[in-house]
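The chain contents come next:
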Amino acid sequence: MTSPDTSSENPLLPPWASLAPVEYAYPYEETHDLRSGPDLHPHLLGLLPYVGVWRGRGQGGYPTQEGDDFHFAQEVRISHDGRPFLFFESRAWIIDEEAKPVRPAGREIGWWRPVVENERITDDVEALMTSPTGIMEMYLGKTKGTTQLELVTDLVVRTSTAKEVTAGHRLFGIVDGALLYAYDMAAEGLPLTPHLSARLIRVAG
C-alpha cells in the first residue's frame, strides 16, 4: 500500500517525502590523521604538512579596538575526506596571564583548494574563510615549497551588520614542526594592519 500523495495539499512537501528515511549517519570519513582514513588526494601533496590538529597561543589587537592587545589560545583542525580540498576549522578563546580561559573568542571555518591547470598542480591556492560575525573572505594565494602559504583577499563579502572589513592578508608557515601564522586586516577605514599572530603545536595527526 502506497502512502497518499499530500504534496498537492502542502506545496512545501516534495513528492519524495514519503520515501523511506535515511537511518544512518554520514557514511564518509574525514580525517586529520594521515595514518588513517581516506588517502590524501594527490592534488593536496603541497599542503600535506598542514593536515592535523594544532593548538597554541597568540596575541592580537587592532587600532580601532578598545583596550590593550589581548592574548588568546587557539585550536585549529585541518582535515580532508579524500577529495582535492582541505577543511579548516578554528576556535579561539581569550586567556589571562596564566593562560587560564577568560571567554570564547573568534571562530572560523573554511576550505583550501589547490588550483589545477591542464591536469597539473600549480602553486596557486584558492581559499574561503567564513566567520559567524557575518564576514566571508575569498583568498588567492601561493605555496612556497611545503612550508609556507601566503593568501591575499580577492573578495570580502559582509552582512549589513558586520564590521567593515575590506581586505586581509594571511601568512602560514611550518617552522621547526610548529604552525605559525600572521593575519593582517584592513578594516574601518584603515589599510592592512597587523591583527593576529600565533604559534600552534601539532597535538594530533
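First things first, this report covers the structure right here in the doc. Bear in mind the structure is a predicted one, so any value in this text is a computation, not a measurement. The residue numbers shown here count from 1 along each chain, following its written sequence. Only residues with pLDDT of 70 or above have their local features reported here, since the model is predicted, and side-chain atom pairs are shown and tallied only from 80 upward, although totals for entire chains, interfaces and linings are computed over all residues. To get the side-chain values, all heavy atoms of the structure are used, and hydrogens and water are removed first.

The secondary structure listing takes helices from DSSP runs of H or I that are at least 4 residues long and strands from runs of E that are at least 2 residues long, numbered from the N terminus. Within the chain, the regular secondary structure consists of zero helices and 10 strands. The secondary structure elements of the chain, listed N-terminal to C-terminal, are β-β-β-β-β-β-β-β-β-β. In terms of overall dimensions, the chain has a C-alpha envelope of 70 × 40 × 40 Å along the principal axes. Burial classes: relative accessible area under 20% of the type maximum marks a residue as buried, over 50% as exposed, and values in between as partly exposed (1.4 Å probe, protein chains only). Considering the chain as a whole, with its 205 residues, one finds that 35% of them fall into the buried category. Whether two residues touch is decided by their heavy atoms; if any such pair falls within 4.5 Å, the residues are in contact. Long-range pairs, those at least 24 residues apart, make up 42% of the contacts in the chain between residues at least 6 apart in sequence. As displayed, the chain has an accessible area near 12800 Å², and 55% of this comes from carbon and sulfur atoms. Each accessible area value is a Shrake-Rupley result obtained with a 1.4 Å probe; residue values ignore everything except the protein chains displayed when judging cover.

Another point: the packing of aromatic side chains. Each Phe, Tyr or Trp ring (for Trp, its six-membered ring) is paired with any other whose centre lies within 6.5 Å, and the angle between the two planes then decides the class: stacked below 30 degrees, edge-to-face above 60, tilted in between. One pass over the structure, following the stated rule, counts eight aromatic pairs. Relative to Tyr181, the ring of Phe172 lies with its centre 5.9 Å away and its plane at 35 degrees, an arrangement referred to as tilted. Its relative accessible area of 4% is what places Phe172 among the buried residues. A relative accessible area of 12% places Tyr181 in the buried class. Taken together through their ring pairs, the aromatic side chains of Tyr50, Phe88, Trp112, Phe172 and Tyr181 make up a single cluster.

This brings us to the environment of Val76. Structurally, Val76 is set in strand 2 (residues 70-79). On the basis of relative accessibility, which here comes to 2%, the residue Val76 falls in the buried class. Put simply, Val76 and Ala92 are 16 residues apart on the chain and 8.5 Å apart in space, counted from C-alpha to C-alpha. Excluding its chain neighbours within four sequence positions, the residues that come into contact with Val76 are Gly52, Val53, Trp54, Phe88, Glu89, Ser90 and Leu200.

So, on to the pairing of strand 10 (residues 193-204). Pairing between strands is defined by DSSP: at least two bridges between the two strands are required. Taken together, the eight bridges between strand 1 (residues 52-60) and strand 10 define a ladder with antiparallel strand orientation. If you follow Arg55 over to strand 10, its bridge partner there is Ile201. The pairing of strand 9 (residues 178-187) with strand 10 spans seven bridges and is antiparallel. Note that in strand 10 the partner of Ala182 across the bridge is Ser197.

The next thing to look at is the nonpolar core. One recurring pattern in soluble globular proteins: nonpolar side chains tend to sit buried together. Tyr50, Ile78, Trp112, Leu149 and Phe172 are the most contacted members of the largest nonpolar core, which has 34 residues in total. Every element with two or more residues in this core is listed here: strand 2, strand 3 (86-95), strand 5 (120-131), strand 6 (135-144), strand 7 (148-158), strand 8 (165-175), strand 9 and strand 10. Non-local contacts of Phe172, meaning those with residues more than four positions away in its chain, are made with Tyr50, Phe88, Trp112, Thr147, Gln148, Leu149, Leu151, Leu179, Leu180 and Tyr181. In this description, a nonpolar core means a group of buried Ala, Val, Leu, Ile, Met, Phe, Trp, Tyr and Cys residues linked to one another through side-chain atoms lying within 4.5 Å.

With that settled, consider the pattern of salt bridges. Salt bridge, as used here: a side-chain nitrogen of Lys or Arg that lies within 4 Å of a carboxyl oxygen of Asp or Glu. Applying the stated criterion across every chain, the model contains 11 salt bridges. Residue Asp81 pairs with Arg83 through a salt bridge whose shortest N-O separation is 2.7 Å. Asp81 gets classed as buried once you look at its relative accessible area, which sits at 18%.

Next up on the list: a nonpolar patch on the surface. Residues Ile109, Trp111, Leu128, Met136, Leu155 and Val157 make up a contiguous nonpolar surface patch of roughly 460 Å² in combined accessible area. Sorting the residues of the nonpolar patch by element identifies strand 4 (101-117) and strand 7 as the ones contributing at least two each. Residue position: Met136 is located in strand 6. Patch membership requires over 30% relative accessible area and the absence of a salt bridge. Like charges are linked within 9 Å, and nonpolar side chains (Val, Leu, Ile, Met, Phe, Trp, Tyr) within 5 Å.

Just geometry here; none of it tells us what the structure is for.
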